[in-house]
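Here are the chains, one letter per residue:
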Amino acid sequence: MMKNFSEATELVESSLKKYQLAGISFLVLNVLYIIIAWWKMPPVDLEMSKVVYGGFVVFFILVLILIPLIFRGKRLLVQVLAFIYGGRIIFSLYFLLGGDTYPAVPYLLPCVVLTFYLLGRAAWDWP
């Protein structure tokens, strides 16, 4: 009985480590994403800059809300986020190959790919 319990807790702990790594990397890679997007953003007028910077703040707040949920091992949330980031990869590659793209896409794409991999690793037990 005790052996089965210890085996079960080891499985849960190893599974949670993947979610914790996914949560930390989700934060770090999205902060890096915001910094790169800010760096490569073309100049905008004052009225539009309020919208752009407000979008950055809302995005960062959303990331901060999602991190504790990822840490707790919410598998469905992590799967949905992985699908979203997979879609972002496909759209980024499409626009990158088409030539009509935002100047930061080549710099931002590695962040999106790494985030997708680490979320998928936690959600579907990838290596």
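Residues numbered from 1 in each chain as written. Predicted model: local features only at pLDDT ≥ 70, side-chain atom pairs only at ≥ 80, totals over all residues. Heavy atoms only, no water.

Engineer: Can you help me understand the overall build of the protein in this one?
Structural biologist: Of the regular secondary structure elements, the protein holds four helices and zero strands. Each helix and strand of the protein, placed in order from N terminus to C terminus, yields the pattern α-α-α-α. When the 127 residues of the protein are sorted by exposure, 31% land in the buried category. Sequence-distant contacts in the protein: of pairs separated by 6 or more residues, those separated by 24 or more amount to 77%. Total accessible area on the protein stands at roughly 8400 Å², and carbon and sulfur atoms take up 74% of it. (Helix = DSSP H or I, 4+ residues; strand = E, 2+ residues; numbered from the N terminus. Buried < 20%, exposed > 50% of the residue type's maximum accessible area, 1.4 Å probe, protein only. Contact = heavy atoms within 4.5 Å. Areas by Shrake-Rupley, 256 points an atom, 1.4 Å probe, with all protein chains shown as cover.)

Engineer: What's the story with helix H2 (residues 46–71) in this structure? I'm lost.
Structural biologist: Along an α-helix, residues three or four positions apart point the same way, because every turn accommodates 3.6 residues. Its 26 residues give H2 an end-to-end C-alpha distance of 38 Å, which sits within 8% of 38 Å, the value for a rise of 1.5 Å per residue. Of all the residues in H2, the buried ones are Ser49, Val52, Phe56, Val63, Leu66, Ile67 and Ile70. Positioned one or two residues after H2, Gly73 has a phi angle of 85 degrees, which is positive. (Expected span 1.5 Å × (residues − 1).)

Engineer: Please clarify how the nonpolar core should be interpreted in this entry.
Structural biologist: Most often, soluble globular proteins keep nonpolar side chains buried together rather than apart. Grouped together as the largest cluster of nonpolar side chains are 26 residues, with contacts concentrated most on Phe26, Phe56, Ile70, Val78, Leu81, Leu108 and Leu119. Of all the elements in the fold, those that place two or more residues in this core are helix H1 (2–40), H2, helix H3 (75–98) and helix H4 (105–124). If you tally residues by element for this core, the top one is H1, at seven residues. (Core = buried A, V, L, I, M, F, W, Y, C linked by side-chain atoms within 4.5 Å.)

Engineer: Looking at this model, I keep getting lost on a nonpolar patch on the surface. Mind explaining?
Structural biologist: A cluster of nonpolar residues, Val44, Met48 and Val51, forms a patch on the protein surface that exposes about 250 Å² of accessible area. Its place among the elements puts Met48 in helix H2. Here Met48 falls in the partly exposed class, since its relative accessible area comes to 42%. (Patch = residues over 30% accessible without salt bridge, like charges linked within 9 Å, V, L, I, M, F, W, Y side chains within 5 Å. Salt bridge = Lys/Arg side-chain N within 4 Å of Asp/Glu carboxyl O.)

Engineer: Which parts of the structure should I look at to understand the pattern of salt bridges?
Structural biologist: When the charged atoms of two side chains with opposite charge come close together, those side chains can pair. Summed over the entire model, instances satisfying the criterion amount to one salt bridge. For Asp125, the salt bridge identified is with Lys18, shortest N-O distance 3.8 Å. Of this pair, Asp125 sits in the segment after H4 while Lys18 sits in helix H1, and the two are 107 residues apart along the sequence.

Engineer: Can you help me understand unusual backbone geometry in this one?
Structural biologist: The backbone of Asp125 sits at a positive phi, close to 55 degrees, despite the residue not being glycine. By relative accessible area, Asp125 is classed as exposed at 53%.

Engineer: Can you help me understand the packing of aromatic side chains in this one?
Structural biologist: Any aromatic ring pair is given by two values, namely how distant the centres are and how the planes are angled relative to each other. Counted according to the given criterion, the structure contains 11 aromatic pairs. Each ring, one from Phe26 and one from Tyr85, has its centre 6.0 Å from the other, and the planes form 70 degrees; the classification is edge-to-face. Of the two residues, Phe26 sits in helix H1 while Tyr85 sits in helix H3, which places them 59 residues apart along the sequence. The burial state of Phe26 is the same as that of Tyr85; both residues are buried. An aromatic cluster is defined as three or more aromatic residues linked by ring pairs; in this entry it consists of Phe83, Phe116, Tyr117, Trp124 and Trp126. In this structure, Arg88 packs its charged tip against the face of Tyr85, placed 4.9 Å from the ring centre. (Phe/Tyr/Trp six-rings, centres within 6.5 Å; stacked < 30°, edge-to-face > 60°. Lys NZ or Arg CZ within 6 Å of the ring centre and 35° of its normal.)

Engineer: What's the story with the side chain of Ser49 in this structure? I'm lost.
Structural biologist: Note on placement: Ser49 falls in helix H2. Of the residues examined, Ser49 reaches a relative accessible area of 11% and is grouped as buried. Setting aside chain neighbours within four positions, we find Ser49 in contact with Val44 and Gly54.

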